[in-house]
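Fold and geometry: a report
Here is what each chain is made of, one letter per residue.
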Amino acid sequence: MDMSRRALLKVIVLGDIGVGKTSLMNQYVYKKFSQQYKSTIGADFVTKELQIDDKLVTLQIWDTAGQERFQSLGSAFYRGADCCVLVYDVNIQKSFETLNNWHEEFVKQAADPADPGAFPFILFGNKIDVDGGSSRVVSEKKAREWCASRGDIPYFETSAKEGYNVHEAFLCVAKMALEG
Ligand code: GDP
Ligand code: MG
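If you check an unreviewed UniProt entry, the protein chain appears there as Ras-related protein Rab7 from Populus trichocarpa. A UniProt comment under Function (unreviewed entry) is attached to the protein chain, and it reads "Protein transport. Probably involved in vesicular traffic." Its UniProt record, at the heading Sequence similarities (unreviewed entry), says of the protein chain: "Belongs to the small GTPase superfamily. Rab family."

Written out as C-alpha cells, the structure is:
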C-alpha cells in the first residue's frame, strides 16, 4: 500500500479516575465492557485501525495507569499527541469541574503554547446510561457551553456500558487527529 495513504496517530485520553476512560477504549477496540473496576496496569496504549476516505488510519490510544489521581503523567505520555480526548462522568459534578485542570495541563505539556486553541480536543460526557439518566448532574447544555468557551470543542455523550455513541465519538477523534 502507498505509505502516503497510511497514518499513525497518537490519541491521549484524560479525565478523573473512574469516569470510564479505560471502559470507553475497551468498548471501542474490543467491544467489551466490564462492571469491575480494574485500575489500568501495564499496557500504555491500544491500537485500532480504521479507514477514512482513502486513508488507512492507525489510532494509538494512550491510557493512564491510575496516575491520573496525581496528575503526573510525564512528558512521554503527552509527546507527539495528535488529539486529546477529555472525559467526564455526567453524574459527577467534580469530574466536570476538573476538566479545566486537564485541559490546562495538556496545553501546558503538549499543545503549541503560542496557539493552544488550535490543538484538537474533544469532550466525552460518559455514563449517560446510569439510572436511566435520573442521576445526571451535568446537563448537555452546560457541557456544550464549556466546549464553546474552549474554542468550539466537539462534544459527544457516551455510554461505554451500552456502547452508545462510542464509535461515532472515536470516528470524530480520528478525523480530527488526521486533520491536525
Ligand atoms: P477510568 O478510571 O476512567 O479508566 O474508569 P474505568 O473505565 O475503569 O471505569 C470505572 C467504573 O465505571 C467501572 O466500574 C466501569 O465498569 C464503570 N463504567 C465505565 N463506563 C461506564 C458507563 O458508560 N456506564 C456505566 N454504568 N458504568 C460505566
Ligand atoms: Mg483506567
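Turning our eyes to something else, we now look at the pattern of salt bridges. Per the stated rule, a full pass over the model turns up eight salt bridges. Among the salt bridges present, the one from glutamate 145 reaches lysine 142, with a minimum N-O distance of 3.8 Å. One end of the pair, glutamate 145, and the other, lysine 142, are both in helix α5 (residues 140–149), three residues apart, so they sit about a helical turn from each other. Of the residues examined, glutamate 145 reaches a relative accessible area of 38% and is grouped as partly exposed. Residue class for lysine 142 comes out partly exposed when judged on its relative accessible area of 47%. Among the charged side chains, a network of salt bridges with common partners joins Lys141, Lys142 and Glu145.

We now examine the environment of isoleucine 128. Along the chain, the position of isoleucine 128 falls in the loop between β5 (121–126) and α5. In this structure the C-alpha to C-alpha distance between isoleucine 128 and glutamate 179, which are 51 residues apart in sequence, comes to 29 Å. Not counting residues up to four positions away in its chain, the partners in contact with isoleucine 128 are Val90, Gly133, Arg136, Glu157, Thr158, Ser159 and Tyr164.

Summarising burial for strand β1 (residues 6–14): seven of the nine residues are buried, a large majority. Judged from the seven bridges that link them, β1 and strand β3 (residues 55–62) form a sheet pairing that is parallel. By the bridge assignment for β3, arginine 6 is matched with leucine 56. In this sheet, strand β4 (residues 83–89) lies alongside β1 in parallel orientation, the contact comprising four bridges. Directly across from valine 13, in β4, lies its bridge partner valine 85.

What follows covers helix α4 (residues 99–109). Within α4, the full set of buried residues consists of Leu99, Trp102, His103, Glu105, Phe106 and Val107. Those residues of α4 that are buried are in contact with β1, α2 (75–78), β4, α3 (93–97), β5 and α5.

With that settled, consider the nonpolar core. Core analysis: the biggest nonpolar cluster contains 30 residues, and Leu59, Ile61, Ile122 and Phe124 have the highest contact counts within it. Of all elements in the fold, only β1, α1 (21–30), β2 (45–52), β3, β4, β5 and α6 (166–179) reach the threshold of two or more residues within this core. It is α6 that provides the largest number of residues to this core, a total of eight residues. The residues contacting isoleucine 61, other than those within four sequence positions of it, are Val11, Val13, Met25, Tyr28, Val29, Asp44, Phe45, Val46 and Phe170. Formed by 25 residues, the second largest nonpolar core is a distinct cluster that contains Phe77, Leu86, Leu99 and Leu123.

Parameters and conventions
- Residues numbered from 1 in each chain as written.
- Chains lettered and ligands numbered in written order.
- Predicted model: local features only at pLDDT ≥ 70, side-chain atom pairs only at ≥ 80, totals over all residues.
- Heavy atoms only, no water.
- UniProt positions renumbered as here; feature names shortened; annotations may be inferred.
- Salt bridge = Lys/Arg side-chain N within 4 Å of Asp/Glu carboxyl O.
- Helix = DSSP H or I, 4+ residues; strand = E, 2+ residues; numbered from the N terminus.
- Buried < 20%, exposed > 50% of the residue type's maximum accessible area, 1.4 Å probe, protein only.
- Contact = heavy atoms within 4.5 Å.
- Pairing = 2+ DSSP bridges.
- Core = buried A, V, L, I, M, F, W, Y, C linked by side-chain atoms within 4.5 Å.

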